[in-house]
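# An overview of the molecular structure
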Amino acid sequence: MPSWDRPVLPGAPGCELAGGVARAHPIKHGVVVDWDALEGLWERLIVGGLQVHPEQWPVLVSDSPSAPPEGREKTAELLFEALTVPACHMASTALLALCSTGALSGLAVEAGAGVCHATPVYAGHSWHKATFRLNMAGSTLSRYFRDLLMTTCPDLQLQALSRKTITQLKKRCCYVSLDFQGDICDPARHRRACFCLGNDCYVHLGSERFRCPEPLFQPSLLGHPEPGLPALAFQALQKIPITLRTRLANTVVLAGGSTLFPGFVERMNLELEAQCRRHGHPALQPCLVAQPGRGTAVWTGGSMMASLQSFQCRWVTRAMYEECGPFLVREVFN
């Protein structure tokens, strides 16, 4: 946003100043931390980007499975009072990810830009008490990849490379190892590659290609105490009643851009099955659903849900909001 829209102090957390522009990051690890910035972003997207009048369109908002309930009240306040939308609905990203595959029950394993989740969903309802999160995802991996590059190529002018360039290089060249320890110990197994970043600047990569996404499976590599995604997925299955466990394990839906690394699905499948055997559940055979478009699964699921005729009665309208206030949202969408 233009820096004159609102005062932004240089060095303030979440904002970067460059050329008269303030870059705001209103969402951290799936939770809104700057509502003013989010309001400005949504207004620009709806009015300037989509070029529609917000008062004419209902809005469906995807909500992080572990986001605090008061955030939904604040979202409703922003939509109804600032953007004056006629109706809104809030749905868990886990449910929307499942909807993108045509399922209403299963285990959603999400790895996006800011946060990872393992969330059981049954009959269209997220199981909050069985939801596990990892406060690390694609953005963290991009920063880690930059550090790996700086260590490997100290002469590379990385300071001149934009965050976007680093992220694109990560998506283009990184992959998940099926035997991380073995690959680390044997340089002959490194899939070496050379990439041109322009201006005759070349990057030569080896182990960095599979070391970058490894924290998704071993968060301790970056100092995170939580277990990796396969362990989180197993813990989520363990938290639900045993009578439903097999049914939900039969539909483990992968979603989010950070699940798109080559080798991710195979490694996730191997480790999740190993978790089941290790903890005495060899008969539990998780079935992974990994669609090609899973990077935008939440958006796809949201568009499918909002277009259903049967869904139209589930909007919270402006009249309902004005009669009952923001607390209604917590009651309806909890």
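Residues numbered from 1 in each chain as written. Predicted model: local features only at pLDDT ≥ 70, side-chain atom pairs only at ≥ 80, totals over all residues. Heavy atoms only, no water.

The name an unreviewed UniProt entry gives the protein is Actin-like protein 10, with Mesocricetus auratus as the organism. Database annotation for the protein, UniProt heading Sequence similarities (unreviewed entry): "Belongs to the actin family." (UniProt positions renumbered as here; feature names shortened; annotations may be inferred.)

Along the backbone of the protein there are 13 helices and 15 strands. Relative to the compact-globule value of 20 Å for 334 residues, the protein shows a C-alpha radius of gyration of 22 Å, a close match. In terms of overall dimensions, the protein has a C-alpha envelope of 65 × 60 × 30 Å along the principal axes. In the protein, which comprises 334 residues, the share counted as buried stands at 45%. The contacts of the protein with a sequence gap of at least 6 include a subset with a gap of at least 24, amounting to 65%. As displayed, the protein has an accessible area near 16,800 Å², and 55% of this comes from carbon and sulfur atoms. (Helix = DSSP H or I, 4+ residues; strand = E, 2+ residues; numbered from the N terminus. Rg over C-alpha atoms; globule rule 2.2 N^0.38 Å. Buried < 20%, exposed > 50% of the residue type's maximum accessible area, 1.4 Å probe, protein only. Contact = heavy atoms within 4.5 Å. Areas by Shrake-Rupley, 256 points an atom, 1.4 Å probe, with all protein chains shown as cover.)

Bringing the pattern of salt bridges into the picture now. Where side chains of opposite charge bring their charged atoms close, a pairing between them can arise. Inspection of every chain in the model, using the stated rule, returns 7 salt bridges. With its nearest N and O atoms 2.8 Å apart, the salt bridge here joins Arg189 to Asp183. By relative accessible area, Asp183 is classed as buried at 9%. Between Arg267 and Glu271 there is a salt bridge, with the nearest N and O atoms lying 2.5 Å from each other. (Salt bridge = Lys/Arg side-chain N within 4 Å of Asp/Glu carboxyl O.)

Take the side chain of Arg245 next. With respect to the element layout, Arg245 can be found in helix H9 (residues 242–249). Nearest to the buried, unbridged Arg245 among oppositely charged side chains is Glu273, at 16 Å. (Lys, Arg positive; Asp, Glu negative; His and termini not counted.)

Moving on to helix H1 (residues 35–49). Helix length check: H1, at 15 residues, gives a terminal C-alpha distance of 19 Å against a target of 21 Å (1.5 Å per residue), a fit within 8%. Among all positions in H1, only Ala37, Leu38, Gly40, Trp42 and Ile46 are buried. (Expected span 1.5 Å × (residues − 1).)

Our focus in this paragraph is the domain arrangement of the protein. Examined at the domain level, the protein breaks down into domain 1 (15–93 + 297–333), domain 2 (100–136 + 225–295) and domain 3 (138–216). When each unit is reduced to the centre of its C-alpha atoms, the spacing between domain 1 and domain 2 is 26 Å. Taken together, the contacts link 14 residues of domain 1 with 15 residues of domain 2. Summing both sides of the interface, domain 1 and domain 2 together bury roughly 1,100 Å²; the carbon and sulfur share of this comes to 51%. Of all residues in domain 1, His29, Pro65 and Ala297 bury the most surface against domain 2, accounting for 53% of the area lost on that side. On inspection of domain 1 and its partner domain 2, the count reaches 0 salt bridges. Summed over the shared surface of domain 1 and domain 2, the result is 8 residue pairs in polar contact (both at pLDDT 80 or more). (Domains from an automatic or database assignment. Buried area = accessible area lost by both parts, 1.4 Å probe. Polar contact = N/O pair within 3.5 Å; in protein donor to acceptor, adjacent residues only side chain to side chain.)

Attention now goes to the nonpolar core. One broad rule of soluble globular proteins: the nonpolar side chains tend to lie buried together. In terms of nonpolar packing, the biggest core is built from 47 residues, with Val109, Phe145, Leu216, Leu229, Phe264 and Met268 touching the most fellow members. It is helix H8 (residues 229–239) that contributes the most residues to this core, 6 residues altogether. Looking at which domains feed residues into this core, each of domain 2 (100–136 + 225–295) and domain 3 (138–216) gives three or more. Once residues within four sequence positions are removed from consideration, Phe264 is found in contact with Val176, Leu216, Phe217, Leu229, Leu254, Ser258 and Thr259. Val59, Val61, Leu83 and Cys88 belong to the second-largest nonpolar core, a separate cluster that totals 18 residues. (Core = buried A, V, L, I, M, F, W, Y, C linked by side-chain atoms within 4.5 Å.)

The next point concerns helix H11 (residues 297–307). Three or more residues of H11 are buried, namely Ala297, Gly301, Gly302 and Met305. One side of H11 holds all its buried residues, which, seen down the axis, span an arc of 130 degrees. Among the exposed residues of H11, those pointing more than 90 degrees away from its buried face are Trp299 and Ser307. Residues of H11 that are buried sit in contact with strand S5 (59–63), strand S6 (87–92), helix H3 (93–99) and strand S13 (252–255). (Arc of directions from axis to C-beta.)

On to unusual backbone geometry, then. The phi angle at His29 is positive, at roughly 50 degrees, despite the residue not being glycine. Following the sequence through the fold, His29 ends up in the loop between strand S3 (27–28) and strand S4 (31–32). A relative accessible area of 35% means that His29 is categorised as partly exposed. Backbone geometry at Ala123 places phi at a positive 50 degrees, although glycine is not the residue there. Along the polypeptide, Ala123 turns up in the loop between strand S8 (116–122) and strand S9 (125–126). Given a relative accessible area of 46%, Ala123 falls into the partly exposed group.

Of all the 7 residues making up S8, 6 are buried; the element is thus mostly covered by neighbouring parts of the structure. Relative to S8, strand S7 (residues 106–111) runs antiparallel, the two being bridged by 6 bridges. What sits directly across from Ala111, in S8, is Cys116. In sequence, S7 turns back onto S8 through a hairpin of 4 residues. With 3 bridges connecting them, S8 and strand S10 (residues 132–134) associate as antiparallel partners. The residue of S10 that forms the bridge with Ala118 is Phe132. As paired strands, S8 and S9 are joined by 2 bridges and run antiparallel to one another. In the sheet register, Val121 faces S9, and the bridge partner there is Ser126. (Pairing = 2+ DSSP bridges.)

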